[in-house]
Amino acid sequence: MEGTDPVNKKLAAALSGGAVLAMALSACSSGDDNSEKLDAWAKEVCSAVQPQAKKIEAANTAIQKQTSDNSTPEDVQKTDSQAFQDMAEAYKAIGAAVQKAGAPDTGDAKNAEKKQQDAVKELNSLGASYASLQKQVDDLNTKDQAKFADGLKDIATALDKLSTSGNDALRKLEEGDVGKAMAQQESCKSASGAPSTAPSATTG
């Protein structure tokens, strides 16, 4: 596996550093002045996010594990393909959950609705991006090690781009009282501790 292993390590590094854990789940400082409606919204979203965040974390871990010198191109392809499929499904599921929850009750209905819809679009876009990466992995030529390594490099580059874009709308949705309400939910607290959280995620 000489030649392919370092590339897959790069892929794993790009993924662990860049996979945006949905909703950023920043667990900011809690406040006690949240409305019941906002708390209910946060509970609904966090409860939906938690299993999907675990799914994303597991997909990250699977790719991390598939970086040993003994990994064949076929093993790498199979693992990475399944991981990208799981991540695509997870982000789409979170997008659906945020859509279903509606706009959070922040006292500014129009602004809250825009933030919510922007976040849904972003989540769906992330899901589509990972689905696209899955197709790229599936199309790699495992019989030609050099071409396979080049293909993995392209995928790692795409992951790097994903890591630096795509979660602005999620962070905006979590600003202010929404983030405080989410921070009080146990399901969001547990999800926020996942190691795959993007370094850029706020920790305020």
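The coordinates are above.
Small disclaimer: the values here were computed from a predicted structure and weren't measured.

Definitions and cut-offs
Residues numbered from 1 in each chain as written. Predicted model: local features only at pLDDT ≥ 70, side-chain atom pairs only at ≥ 80, totals over all residues. Heavy atoms only, no water. Helix = DSSP H or I, 4+ residues; strand = E, 2+ residues; numbered from the N terminus. Contact = heavy atoms within 4.5 Å. Areas by Shrake-Rupley, 256 points an atom, 1.4 Å probe, with all protein chains shown as cover. Buried < 20%, exposed > 50% of the residue type's maximum accessible area, 1.4 Å probe, protein only. Core = buried A, V, L, I, M, F, W, Y, C linked by side-chain atoms within 4.5 Å. Expected span 1.5 Å × (residues − 1). Bend = angle between axes of the 7 residues up to and from the residue.

**Points about the overall build of the protein chain**
Line of reasoning, step 1. Regarding its fold elements, the protein chain presents eight helices and zero strands.
Line of reasoning, step 2. The order of helices and strands in the protein chain, counted from the N terminus, is α-α-α-α-α-α-α-α.
Line of reasoning, step 3. For the protein chain, the share of sequence-separated contacts (at least 6 apart) that also reach a separation of at least 24 residues comes to 88%.
Line of reasoning, step 4. If you sum the accessible surface of the protein chain, you get close to 9,500 Å²; carbon and sulfur atoms cover 48% of it.

**Some points on the environment of Ala181**
Line of reasoning, step 1. Here Ala181 shows up in helix α7 (residues 177–183).
Line of reasoning, step 2. A relative accessible area of 0% places Ala181 in the buried class.
Line of reasoning, step 3. Taking the C-alpha atoms as reference, Ala181 lies 10.0 Å from Cys46; in sequence the two are 135 residues apart.

**Some details on the nonpolar core**
Across soluble globular proteins, nonpolar side chains have a tendency to be buried as a group.
Line of reasoning, step 1. Counting 41 residues, the largest nonpolar core has Leu11, Trp41, Phe84, Tyr130 and Met182 as the members making the most contacts within it.
Line of reasoning, step 2. Of all elements in the fold, only α2 (36–65), α3 (73–101), α4 (109–138), α5 (145–163), α6 (168–173) and α7 reach the threshold of two or more residues within this core.

**Section: α2**
Line of reasoning, step 1. Its 30 residues place the ends of α2 43 Å apart at the C-alpha level, agreeing with the 44 Å of an ideal helix rising 1.5 Å per residue.
Line of reasoning, step 2. The largest bend in α2 is about 30 degrees, located at Gln50, with the proline Pro51 one to four residues further on.
Line of reasoning, step 3. Within α2, the full set of buried residues consists of Leu38, Trp41, Ala42, Val45, Cys46, Val49, Gln52, Ala53, Ile56, Ala59, Asn60 and Ile63.

Honestly, it's all geometry; don't read function into it.
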